[in-house]
Amino acid sequence: MDIRFLISVTVFSLSLGACGYKKQEASNTSRAAIYDAWDARYVYEMQTRRMIPLHQGREVGRIWGRDEKGKINYASYARSDDKVVEDLYAIHTNRLDRIRDKKWENAKSERINFVKNQLDVLEEEENAPLIEVPIEDEEEEFLPPAFMPQGIDINSGDNMPTETTQEAAPPGFLFAPLP
């Protein structure tokens with residue numbers, strides 16, 4: 001019982017001490033740091049290609065830079081007490097790397113599953129019994145009838161008028177002019 005009581009008293013005193021510390025830290029600043037970042041004006045540095053927010057001569061807020069192609073290659077967040085709090089570019093690239101790795105792993109597992117399914121299908125086809133299908137000889141193939149023009153009598157040469165152009169044509173010529 002003594003150990004439990006001692007632990008509970010210790011936890012209670014630490015929690016009260018932590019609350020008192022936060023109140024003191026918050027009361028020391030009269031204005032939130034984010035307001036300085038909101039009120040900051042940006043200055044462009046040509047050498048580093050960076051946009052730097054300045055408020056009362058101090059860097060406050062998000063700083064970013066771009067390379068020659070326009071891609072962001074630098075990003076950070078500076079507090080009002082001239083300390084860089086976070087390297088936002090590293091956080092961003094880590095997040096993109098995690099997303100890219102997750103997509104890669106998903107695509108990889110899908111490819112592996114697809115190949116496994118294809119191998120299973122091939123194995124089933126190899127193990128399936130062979131079914132013999134008799135091939136019937138088709139003696140009666142379908143051929144369309146030969147095209148013969150209707151209404152032209154090929155064998156009658158007596159109905160044809162005698163002209164000099166028709167005399168040169170052989171008898172029974174298919175493309176002779178009609179009478």
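Residues numbered from 1 in each chain as written. Predicted model: local features only at pLDDT ≥ 70, side-chain atom pairs only at ≥ 80, totals over all residues. Heavy atoms only, no water.

K.L.:
Hey, could you run me through the packing of aromatic side chains in this one?
P.N.:
Geometrically, a pair of aromatic rings is defined through the distance of the ring centres and the angle of the planes. Counted under the stated rule, the structure contains one aromatic pair. Where tyrosine 42 meets tryptophan 64, the ring centres are 5.3 Å apart and the plane angle is 55°; that geometry is what we call tilted. A residue pair is termed long-range when its members are at least 10 positions apart, and tyrosine 42 in strand β1 (residues 41–45) and tryptophan 64 in strand β4 (residues 61–66) qualify at 22 residues. One Lys or Arg, arginine 50, reaches over the ring of tyrosine 74 and ends 3.6 Å from the middle of that ring. Between the NZ or CZ atom of arginine 111 and the centre of the ring of tryptophan 104, over which it lies, the distance is 4.9 Å. (Phe/Tyr/Trp six-rings, centres within 6.5 Å; stacked < 30°, edge-to-face > 60°. Helix = DSSP H or I, 4+ residues; strand = E, 2+ residues; numbered from the N terminus. Lys NZ or Arg CZ within 6 Å of the ring centre and 35° of its normal.)

K.L.:
Teacher, can you tell me more about a negative patch on the surface here?
P.N.:
Where like charges cluster on the molecular surface, the negative patch consists of Asp120, Glu123, Glu124, Glu125 and Glu126. Summarising the element assignment, glutamate 126 is placed in helix α3 (residues 88–127). With relative accessibility at 67%, the residue glutamate 126 sits in the exposed group. (Patch = residues over 30% accessible without salt bridge, like charges linked within 9 Å, V, L, I, M, F, W, Y side chains within 5 Å. Areas by Shrake-Rupley, 256 points an atom, 1.4 Å probe, with all protein chains shown as cover. Salt bridge = Lys/Arg side-chain N within 4 Å of Asp/Glu carboxyl O. Lys, Arg positive; Asp, Glu negative; His and termini not counted. Charge placed at Lys NZ, Arg CZ, Asp CG, Glu CD. Buried < 20%, exposed > 50% of the residue type's maximum accessible area, 1.4 Å probe, protein only.)

No statement about biological role is implied by the geometric values presented.
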